[in-house]
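# Summary of the model geometry
Each chain is listed here by its residues.
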Amino acid sequence: MNRATVRRDTETDRRLTTLVGLVVVFASVAALVSAFLFIENPPRSIRDGATLTALIFIVALSVIVKVPVRIRSTTVATAWVETAIVVGVVVAPPAWVVLSTGAGVAVASVLIGLPLIKTAFGVSKNMIVAGGAGATASVLGSHWPPTGLWDLLLELAAAYLVAAVLDDLLATPVIAVASGTTIHRQFHSNLDLRLGGFAVRFVVAAFTVAVLEADSRFLLAVPPLVLSLHLAYSTRFRTRTEQQAWQRLARTTDALNVVDLDTVLTTAVTQAAELFSADEVEIELRHGGRTVRGGAGGITHDGPAGEPDTVEGTVLDTPLEGHDRTADVGVLRLRFRGPVQLSEREQYTLRTFASALCTAVRNAQAYAELARVAEEHAYAATHDALTGLANRRHLLDQGTEQLSSRHAEGVTALVLIDLNHFKEVNDTLGHAAGDQVLVQVAGRLDAAAQDGDLVARLGGDEFAVLLRGLPAPAVAAHRAESLLAVLHEPFDLDGMRISVEASGGIATAPASGGMAELLRRADVAMYQAKRAGQRISTYAPTRDTADIGRLTLGGDLSRAVADHEFTVNFQPIVDLGTGVVIGAEALARWHHPTHGVIDPLRFLEAVERSGLLPAFTEAILDQALIAAGNWREAGFDVPVAVNVCPRSLLDARFPGSVLARLRAHDLPPDRLVLELTETLTLSQLDVVDRVLSRLRDEGVRLALDDFGTGYSSLSLLSRIPVHELKIDRSFVTAMETSAEAAAVIRSTLDLGRSLDLTVVAEGVENEPQRRALWELGCTAGQGHLFARPMPAGTLLATLRRGAGGSPGVLVPPLHDSGAVIRLAPGRRPATRGRADRHLPA
């Protein structure tokens with residue numbers, strides 16, 4: 001048994017006993033005084049004896065006929081005793097009324113079988129009330145027969161007011177302690193009904209007095225009237241109680257509408273304790289064997305099932321199942337310290353609450369599972385499956401964040417490490433041995449790195465270490481030497497000792513160009529070291545023949561836009577099952593007159609900084625839409641996808657520009673797909689919501705590119721209303737050898753199916769990959785297996801020529817026409833007309 005709960009229960013019992021004891025002491029004083037007065041003025045006639053007997057009978061009847069209210073295993077009742085007392089004060093001496101009240105309450109308590117403590121409290125409380133009413137009447141000079149009706153009613157009202165106030169003052173603290181609520185809250189509970197009840201009972205008392213003005217024997221005619229009024233009051237009280245119960249149920253079920261399981265269980269336990277007035281509530285979940293137990297004051301146990309409960313008495317078990325009774329997630333238990341029988345309304349409320357709790361638990365468990373899968377997904381997307389180090393994407397993200405941080409201290413540098421002649425290890429000992437070497441290399445580099453450094457495997461035998469917060473650039477070389485030094489010792493491989501040499505390149509953060517430029521410079525430095533036969537080399541601009549800074553892009557970009565040096569190639573997207581082209585990805589290229597074709601990664605950042613982004617975007621978009629229009633006129637209704645820079649989405653004029661070009665080229669909006677990258681941050685999402693909403697409302701389709709490689713995939717997906725997801729090529733490349741990559745693809749496909757999104761796999765290079773993706777349920781893909789990027793005219797000629805004489809088909813179908821195939825579980829057929837991929841814009 002929980003010690004805290006035992007202490008709390010013991011304290012409650014002690015306080016309750018103290019309160020009842022005080023009431024009994026005061027009642028004993030009232031009883032002694034009344035007995036002394038009764039001896040001095042005993043009944044002297046048959047009429048007096050009848051009056052005394054009638055008083056005892058009416059008091060006993062007023063106790064038996066009452067409105068019961070259950071508080072945990074205790075039932076508290078609203079009775080008519082104060083009415084009988086006030087009437088008694090009018091027809092008999094106060095001492096007779098006090099003793100008659102005690103006798104009547106005691107007889108009634110025995111007849112209905114109340115426990116001793118309840119009997120003692122009831123007798124004592126009502127004797128004090130009778131004493132207070134009698135004393136008030138005596139002070140005001142009450143006597144019988146009355147000298148005037150209005151004077152008597154005034155005295156009657158004063159006596160009744162004292163009786164009602166004493167009754168509430170004595171009962172409220174005891175009920176509050178028993179129910180575990182505050183006195184203030186208990187006093188205000190149903191105050192309007194209590195006041196109304198007091199008024200009704202006073203009217204009954206006044207009417208009774210008026211009847212008795214003729215003859216006191218009419219006192220026996222009062223009970224039927226009281227019974228009728230009692231029934232009406234009970235009905236209204238019961239209606240109010242049920243209304244409040246439904247309101248509490250509605251508030252409780254609303255409070256369960258959260259996705260955190262701990263919050264759901266805590267709310268359910270505390271709210272159920274109040275809703276059903278239970279001493280203890282327990283929820284036992286079938287999945288995981290978890291048990292949560294507590295009361296209105298909070299949780300007392302949260303752990304495995306089998307722990308002893310803290311309350312002995314009545315236990316009510318209710319299965320946590322939906323209305324269809326198909327999903328049983330656990331059991332809800334209500335415990336009471338004494339015998340309890342729920343009413344029909346309480347039983348229905350309990351079933352409704354259990355059903356709502358079942359739904360809340362299932363939703364919270366499903367959300368927790370989704371969060372777990374998302375966490376695994378995010379980890380797999382940012383870490384190398386073999387070594388557990390960060391991968392290229394994670395390195396680029398962390399480096400970009402570091403370089404863009406205004407509060408970053410010190411110098412940022414990158415060390416790129418490549419193992420020399422590692423291919424010989426694979427060729428001689430096999431790829432399994434090579435993998436063991438890579439794992440050991442990763443372990444040594446990770447151990448040698450300092451706090452704040454990020455060690456990553458970029459792929460193959462290439463590693464990188466991001467150094468942050470260096471005091472000076474020269475420290476980078478010293479740190480690089482330390483990293484390479486740990487690779488000097490031979491590696492132990494199945495009893496063999498293998499020596500591996502490595503070359504390293506160092507580059508410090510450039511003034512411009514970002515993380516991509518830092519990585520390029522470290523790569524240049526590493527190959528300088530290899531060519532020079534050195535172990536390590538530091539980047540030197542004078543030896544970098546490909547330095548983008550030497551292209552003077554600021555001036556060249558303006559000329560490039562004006563002279564149409566930016567062109568677009570297109571890579572088709574294919575239905576994996578049929579081989580039919582269902583879309584095209586647009587890829588921008590810069591045909592520089594001096595430096596030849598320049599890759600987008602080398603000029604996009606310069607375009608964004610130059611202020612020419614709108615003009616560049618419009619030029620690329622025009623070429624893509626012209627190509628799509630030409631294909632459509634030729635009979636190939638192939639959508640085209642254009643990748644949008646995040647900065648374009650911050651321009652309120654961007655949607656108008658896109659829609660104007662669609663109208664100019666007479667293309668339906670759904671023939672254009674705008675692809676968004678996961679580099680969008682949540683702070684930017686608030687700004688781009690309006691832009692994306694307008695484009696989507698006009699019919700332009702949206703895609704989330706390289707899904708799973710960013711750090712905010714699910715957050716973006718919950719905010720951006722996209723139509724499709726693109727699986728990054730890194731997962732497709734690794735799916736045949738990495739269970740983690742296959743799991744990422746499978747979870748992305750499941751997510752796409754559940755949200756009714758098209759999923760396209762990038763980087764499909766061979767038939768085994770195509771078939772594996774198809775069997776997992778992926779229906780669309782792109783890659784060199786189908787076609788390399790090509791000009792629009794070349795793609796049109798390819799579509800016309802087709803494969804095997806079938807226009808629009810690039811590769812033979814996986815299955816012959818009419819063949820019977822078995823689809824993967826949850827598989828849906830390919831959707832024609834869903835295309836896409838991107839063009840950096």
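Look a little higher up for the structure.
The following refers to the structure shown. For clarity, every value in this text was computed on a predicted model and none was experimentally measured.

## Brief notes about the overall build of the chain
What the chain contains, in helices and strands, is 26 helices and 23 strands. Evaluated residue by residue, the chain yields a buried proportion of 49% over its 841 residues. In the chain, once contacts between residues fewer than 6 apart in sequence are set aside, the share between residues at least 24 apart is 71%. When the accessible surface of the chain is summed, it comes to about 39300 Å², and 57% of that surface belongs to carbon and sulfur atoms.

## Re unusual backbone geometry
Of note in this structure, His-564 is not a glycine but carries a positive phi near 55°. Mapping His-564 onto the fold places it in the loop between helix 17 (553-562) and strand 15 (566-575). In this structure His-564 comes out as exposed when scored by relative accessible area, which is 64%. One non-glycine residue, Asp-756, lies in positive phi territory at about 60°. Residue position: Asp-756 is located in the loop between helix 24 (739-754) and strand 22 (758-761). Here Asp-756 falls in the exposed class, since its relative accessible area comes to 52%.

## Description of the sheet that holds strand 5 (residues 298-304)
The five strands are arranged 5-4-3-7-6 in an open sheet whose pairing can be described as antiparallel. Of all the strands in the sheet, just strand 5 and strand 6 (314-321) have a single pairing partner and so form its edges. Averaged over all neighbouring strand pairs, the angle between strand axes comes to 15°, with direction disregarded. Of the strand pairs in this sheet, strand 6 and strand 7 (residues 328-336) are connected by eight bridges, and their pairing is antiparallel. Bridge pairing links Thr-318 to Leu-332 in strand 7. Contacting strand 3 (280-285), strand 6 and strand 7, helix 11 (residues 344-382) runs over the sheet at an angle of about 50° to strand 6.

## Topic: a nonpolar patch on the surface
A grouping of Ile-64, Val-107, Leu-111, Ile-112 and Leu-114 is seen on the molecular surface, where their side chains present a nonpolar patch of about 400 Å² in accessible area. Here the nonpolar patch takes three residues from helix 4 (residues 94-112), the largest share from any one element. Overall, Ile-64 belongs to the partly exposed group, its relative accessible area being 38%.

## So, the side chain of Ser-503
As for its position among the elements, Ser-503 is in strand 13 (residues 502-508). Judged by relative accessible area, which is 2%, Ser-503 ranks as buried. A polar side-chain atom of Ser-503 sits 3.1 Å from a polar atom in the side chain of Asn-420. With near-sequence residues (within four places) excluded, Ser-503 lies in contact with Leu-416, Ile-417, Asp-418, Asn-420, Met-526, Lys-530, Gln-534 and Arg-535.

## Here's the deal with the packing of aromatic side chains
According to the stated counting rule, one finds four aromatic pairs in the structure shown. Ring centres of Phe-566 and Trp-590 lie 5.2 Å apart, and the angle between their planes is 40°; this geometry places the pair in the tilted category. You can see Phe-566 sitting in strand 15 and its partner Trp-590 sitting in strand 16 (residues 581-592), a full 24 residues away along the chain. Neither Phe-566 nor Trp-590 differs from the other in exposure class; each is buried. An aromatic cluster of at least three residues, connected via ring pairs, comprises Phe-566, Trp-590 and Phe-616. The ring of Phe-491 has Arg-444 lying over it, and the distance from NZ or CZ to the ring centre is 3.8 Å.

## Here we look at helix 13 (residues 422-429)
Taken together, the buried positions of helix 13 are occupied by Phe-422, Val-425 and Asn-426. Relative to the axis of helix 13, the buried residues are bounded by an arc of 95° and lie together on one face. Of the exposed residues in helix 13, those oriented more than 90 degrees away from the buried face are Lys-423, Glu-424, Asp-427 and Thr-428. Directly after helix 13, the chain includes Gly-430, whose backbone phi takes a positive value near 100°.

## Examining the pattern of salt bridges
Here the structure, examined in full by the defined rule, presents 30 salt bridges. Glu-282 is the salt-bridge partner of Arg-335, the closest N and O atoms lying 3.1 Å from each other. A residue pair is termed long-range when its members are at least 10 positions apart, and Arg-335 in strand 7 and Glu-282 in strand 3 qualify at 53 residues. Exposure class is identical for Arg-335 and Glu-282. Each is buried. Linking Asp-622 and Arg-661 is a salt bridge whose minimum nitrogen-to-oxygen distance equals 3.4 Å. Taken together, the residues Asp-622 in helix 19 (residues 613-633) and Arg-661 in helix 20 (residues 654-664) connect sequence positions 39 residues apart. Residue class for Asp-622 comes out partly exposed when judged on its relative accessible area of 22%. Taken together, the shared-partner salt bridges in this structure form one network comprising Glu-280, Glu-282, Glu-284, Arg-293, Asp-317, Arg-333 and Arg-335.

## Looking at the sheet that holds strand 10 (residues 462-470)
The strand order across the open sheet formed by five strands is 9-10-8-13-14, and the pairing between neighbours is mixed. The outermost strands of the open sheet, each flanked by one partner alone, are strand 9 (454-459) and strand 14 (536-538). Across this sheet, the average inter-strand angle for adjacent strands is 20°, counted without regard to direction.

Criteria and cut-off values
Residues numbered from 1 in each chain as written. Predicted model: local features only at pLDDT ≥ 70, side-chain atom pairs only at ≥ 80, totals over all residues. Heavy atoms only, no water. Helix = DSSP H or I, 4+ residues; strand = E, 2+ residues; numbered from the N terminus. Buried < 20%, exposed > 50% of the residue type's maximum accessible area, 1.4 Å probe, protein only. Contact = heavy atoms within 4.5 Å. Areas by Shrake-Rupley, 256 points an atom, 1.4 Å probe, with all protein chains shown as cover. Pairing = 2+ DSSP bridges. Axes fitted to C-alpha atoms, helices over the stretch in contact; angles between N-to-C directions. Patch = residues over 30% accessible without salt bridge, like charges linked within 9 Å, V, L, I, M, F, W, Y side chains within 5 Å. Salt bridge = Lys/Arg side-chain N within 4 Å of Asp/Glu carboxyl O. Polar contact = N/O pair within 3.5 Å; in protein donor to acceptor, adjacent residues only side chain to side chain. Phe/Tyr/Trp six-rings, centres within 6.5 Å; stacked < 30°, edge-to-face > 60°. Lys NZ or Arg CZ within 6 Å of the ring centre and 35° of its normal. Arc of directions from axis to C-beta.

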